[in-house]
Amino acid sequence: MVKLNKIYTRTGDDGTTGLVDGSRVSKTASRLHAIGEIDETNCALGVAIQSFATDEGDTPLVKELRRIQNDLFDLGADVATPGESFEPSPMELRIIASQVEWLETAIDNANAQLPPLTSFILPGGSLPAAQMHMARVTARRAERAVVAASLEVAINPHALHYLNRLSDYLFTLCRLINATRGGDILWVPGASR
């Protein structure tokens, strides 16, 4: 387990940071950029979750989203672990196929409750959906950063799959949220010509 007794260490004052294996890399490295984007996705999701939080405790949706937040920490640890073996171990967190499959099942379950799309939708509709759309586009940016890092260092393929499914999940969730709040706002091509 992680135990943080001191928040600052001064070890990064030289512009480097430590990876899981103890090696140090520049804070500008593509791997670190990807980890930062994953962290930002988790933060955006945390903001969006507050739209659903209640004083009575976590709803099933909030519990589902907290699971994803936890997975995003696992994903950051995965990307922060150098090497070409992506098998999880007690010392190495790795995203695994079942985490991706869980997202696929959640997407299918949500999508089954929605009518087919007849147009692209505009981000928004309701404040909770708009906040979730921000988390969605942040997840897409994180995916691009991880793909870019994978061109330079070995990245777990399941990590890439997870991020790709996550933005799909969040898109479907936006639609599901809006289904109970007046519906999606459809894009009308050329409407203001």
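That block above? That's the structure.
Treat the numbers as computed from the prediction; the structure is a model and nothing was measured.

**Student:** Would you mind showing me how to read the packing of helix 4 (residues 127-150) against helix 5 (residues 157-179) here?
**Tutor:** Packed helices, taken two at a time, are described by their axes: the angle between them and the distance between them. Two elements in contact, helix 4 and helix 5, have axes separated by 9 Å at closest approach and are oriented at 170°. Classified by the interaxial angle, the pair formed by helix 4 and helix 5 is roughly antiparallel. Here helix 4 and helix 5 pass one another in a crossing that is left-handed. Broken down by class, the residue content of the contact of helix 4 with helix 5 amounts to 16 nonpolar, 5 polar and 4 charged.

**Student:** Would you explain the pattern of salt bridges in this entry?
**Tutor:** Pairing is possible between side chains that carry opposite charge, provided their charged atoms lie close to one another. Under the criterion given, the structure shown has 8 salt bridges. Taking the shortest distance from any N to any O, the salt bridge between D78 and R94 comes out at 2.7 Å. Taken together, the residues span a long stretch of sequence, with D78 in helix 2 (residues 60-79) and R94 in the loop between helix 2 and helix 3 (97-111) at a distance of 16 residues. Of the two residues examined, D78 and R94, each falls in the buried class. The residue R140 makes a salt bridge to D168 at a minimum N-O spacing of 3.1 Å. Remark: D168 occurs in helix 5 and R140 occurs in helix 4; sequence separation between them is 28 residues.

Cut-offs applied
- Residues numbered from 1 in each chain as written.
- Predicted model: local features only at pLDDT ≥ 70, side-chain atom pairs only at ≥ 80, totals over all residues.
- Heavy atoms only, no water.
- Axes fitted to C-alpha atoms, helices over the stretch in contact; angles between N-to-C directions.
- Helix = DSSP H or I, 4+ residues; strand = E, 2+ residues; numbered from the N terminus.
- Parallel < 35°, antiparallel > 145°, perpendicular 65-115°, else oblique.
- Left-handed = near helix turned anticlockwise from the far one by under 90°.
- Nonpolar A, V, L, I, M, F, W, Y, C, P; charged D, E, K, R; others polar.
- Salt bridge = Lys/Arg side-chain N within 4 Å of Asp/Glu carboxyl O.
- Buried < 20%, exposed > 50% of the residue type's maximum accessible area, 1.4 Å probe, protein only.

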